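Here's the letter readout for the chains.
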Amino acid sequence: MSRSDLERVATAMVAKDKGLLAADESNTTIAKRLDKIGSPSTEEQRRSYRELLFTTPGIAQWISGVILYDETIRQKTRDGVPFPDYLVKLGIIPGIKVDTGAKPLAGFHGETITEGLDGLRERLIEYYKLGARFAKWRAVIDIGEGIPSHAAIEANAHALARYAALCQEQDIVPIVEPEVLMDGGHTLERCDAVTSGVLTEVFAQLDRQRIHLEGMILKPNMVIAGKKCPTQPSAEQVAAATVRCLKRHVPAAVAGIMFLSGGQTPAQAALHLSLMNRLGPLPWQLSFSYGRALQEAALAAWGGKSANVAAGQKEFQKWSRLNSLARSGGFQAGMEQQAA
Ligand code: 13P
């Protein structure tokens, strides 16, 4: 393992004004997104959609890396260039989702454990050869009556740390993603308490498994109220609570923090990131690793039709640029209405 290689890639992922595109939806998840726009989910349709995103003109100004899915990392542009090679030529780092999904945790009703450790070393070796220089593993923590249990938090944190160690062994930067969901009616305070407990356990496990913190990226949720909570905090409150929680629980040595959007609207996700970046100076770069918040408008404008590729690309450009602005606190509420 080369610590300097890991640090170089991690630092490039959080380069000034840039963030990640999470385009690593599993075939089950992308099928749901395509169904919403009335499109079938064939292998060719999934390829075309990812090609629309990756060939959007100018994205390398705003996008440092793309998280791919196993099928996607093996696909090519219509001109026959493998997607990872195409991205590398643009100066964009290819990454790969390596977990195999959240499955029911035996004995703990309503809670999940993320799987994918068996055979992971061999898969990482292959992904490295295909061009991946970073990976992602997502643990899912749901908030509800009596959950999360400490056992579920501990099991998921342990798996994240085992995954991160295998990645670093293979010179791949791990994105450690413990996602506390924003489904349900919980308050911001409850999200804060659960996120605090999760981050504490995650960093304890990362320490135990000897993770080189300067060579990893944390991908957390923001501290936010559940979607069904009757009292919704202001964007300023979300930004302040999230930064306070991270300062308390994330070591300054971590190379960067790249948030998930988690079901926030694209405008909310950009605004929250922008407001947080005005609360500096902070020990780490705060950036984005958005899936839905970067893609929602592009998917709708495309509608699954080749005639609309340019319209979809225009939306992807717009939201990439607005989130790039948010990296330095330059996105303001309402800006998305003026933006072309
Ligand atoms: P969202 O931004 O849509 O939450 O997706 C990010 C991601 O990669 C979740 O694992």
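Structure first, text after, so check above.
On a predicted model such as this, the values are computed, not experimentally measured, just so you know.

Caption draft 1: Here's a closer look at the overall build of the protein chain. Of regular secondary structure, the protein chain possesses 13 helices and 10 strands. Taking 2.2 N^0.38 as the reference for a compact globule, 340 residues should give roughly 20 Å; the C-alpha atoms of the protein chain span a radius of gyration of 19 Å, in line with that estimate. Expressed along its principal axes, the backbone C-alpha trace of the protein chain runs to roughly 50 × 45 × 40 Å. The buried share of the protein chain, reckoned over its 340 residues, is 55%. A sequence separation of at least 24 residues applies to 79% of the contacts in the protein chain between residues at least 6 apart. Entry remark: accessible area of the protein chain is about 13900 Å², with carbon and sulfur atoms responsible for 51%. Of the side chains in the protein chain, 39 bear a positive and 36 a negative charge, and the two mean positions are spaced by 4 Å.

Caption draft 2: Up close: the pairing of strand S7 (residues 173–180). The buried fraction of S7 amounts to 8 of the 8 residues, a majority that puts the element mostly inside the structure. Neither face of S7 is left uncovered, since the one carrying Val-173, Ile-175, Glu-177 and Glu-179 and the one carrying Pro-174, Val-176, Pro-178 and Val-180 both have all their residues buried. The handedness of the strand S6 (residues 134–141) to S7 crossover, carried by helix H7 (residues 150–169), is right-handed. Taking the sense of rotation as the criterion, the β-α-β connection linking S7, helix H8 (residues 188–208) and strand S8 (residues 217–218) turns out right-handed.

Caption draft 3: Expanded view of the site of the ligand. Lining the immediate environment of the ligand, one finds 13 residues, of which Lys-136, Lys-219, Ser-261, Gly-262 and Arg-292 sit closest. Here an oxygen atom of the ligand and a side-chain polar atom of Lys-219 are 2.6 Å apart. Taking Ser-261, its side chain carries an N or O atom lying 2.5 Å from an oxygen atom of the ligand. Elements supplying a minimum of two residues to the shell around the ligand: S6 and strand S10 (285–290). Across the shell around the ligand, the residue classes tally to 3 nonpolar, 4 polar and 6 charged.

Caption draft 4: Quick peek at unusual backbone geometry. Put simply, Ile-147 and Pro-148 share a cis peptide bond, and its omega is 10°. The step from Gly-280 to Pro-281 runs through a cis peptide bond, and the omega angle for that step is 5°. Considering the arrangement of structural elements, one finds Pro-281 in the loop between helix H10 (266–277) and S10. Backbone geometry places Asp-171, a non-glycine residue, at a positive phi of 65°. With respect to the helices and strands, the residue Asp-171 is situated in the loop between H7 and S7. Non-glycine residue Arg-210 carries a positive phi angle of around 60°. As for its position among the elements, Arg-210 is in the loop between H8 and S8.

Caption draft 5: Structural detail: the pattern of salt bridges. Under the counting rule described, the total for this entry stands at 16 salt bridges. Between Arg-78 and Glu-51 there is a salt bridge, with the nearest N and O atoms lying 2.8 Å from each other. Here Arg-78 is found in the loop between helix H4 (70–73) and helix H5 (83–90), whereas its partner Glu-51 is found in helix H3 (residues 43–54), with 27 residues between them in sequence. For Arg-78, a relative accessible area of 64% translates into the label exposed.

Caption draft 6: Geometry of the side chain of Arg-327. Residue position: Arg-327 is located in the loop between helix H12 (309–326) and helix H13 (335–338). Within the structure, the side chain of Arg-327 is placed 3.1 Å from the backbone oxygen of Leu-286, a separation counted as a polar contact. Excluding its chain neighbours within four sequence positions, the residues that come into contact with Arg-327 are Val-14, Ala-15, Lys-16, Asp-17, Lys-18, Asn-277, Gln-285, Leu-286, Ser-287 and Phe-288.

Thresholds applied
- Residue positions are given per chain, counted from 1 along the sequence in the order it is written.
- Residues qualify for local features only when their pLDDT is at least 70, as the model is predicted, and side-chain atom pairs are given and counted only at 80 or more; totals for whole chains, interfaces and linings, by contrast, use all residues.
- Each side-chain value is derived from all of the structure's non-hydrogen atoms; neither hydrogens nor water enter the calculation.
- Put simply, DSSP marks the helices as runs of H or I at least four residues long and the strands as runs of E at least two long, and each gets a number from the N terminus on.
- Throughout, the radius of gyration refers to the C-alpha atoms, and the reference size of a globule is 2.2 Å times the residue count to the power 0.38.
- Buried residues are those whose accessible area, probed at 1.4 Å on protein chains only, stays under 20% of the maximum for their type, while exposed residues exceed 50% and partly exposed ones sit between those limits.
- For this analysis, residues touch if any pair of their heavy atoms sits within 4.5 Å.
- Working definition of accessibility: Shrake-Rupley area with a 1.4 Å probe, residue cover restricted to the visible protein chains.
- Only four residue types enter the tally: Lys and Arg on the positive side, Asp and Glu on the negative side; His and the chain ends are excluded.
- Taken as the charge centre is NZ of Lys, CZ of Arg, CG of Asp or CD of Glu, depending on the residue.
- A right-handed crossover is one whose linking path, passing over the helix from the first strand to the second, runs clockwise when the strands point away from the viewer.
- We define proximity as follows: a residue is near a molecule or strand when any one of its heavy atoms falls within 4 Å of that partner.
- N or O atoms closer than or at 3.5 Å make up a polar contact, with two conditions inside protein: a donor-capable atom paired with an acceptor-capable one, and, for residues adjacent in sequence, both atoms drawn from side chains.
- In this count, Pro and Cys sit with the nonpolar residues alongside Ala, Val, Leu, Ile, Met, Phe, Trp and Tyr, while Asp, Glu, Lys and Arg are called charged and the others, Gly among them, polar.
- Salt bridges are identified by distance alone: a Lys or Arg side-chain nitrogen within 4 Å of an Asp or Glu carboxyl oxygen.

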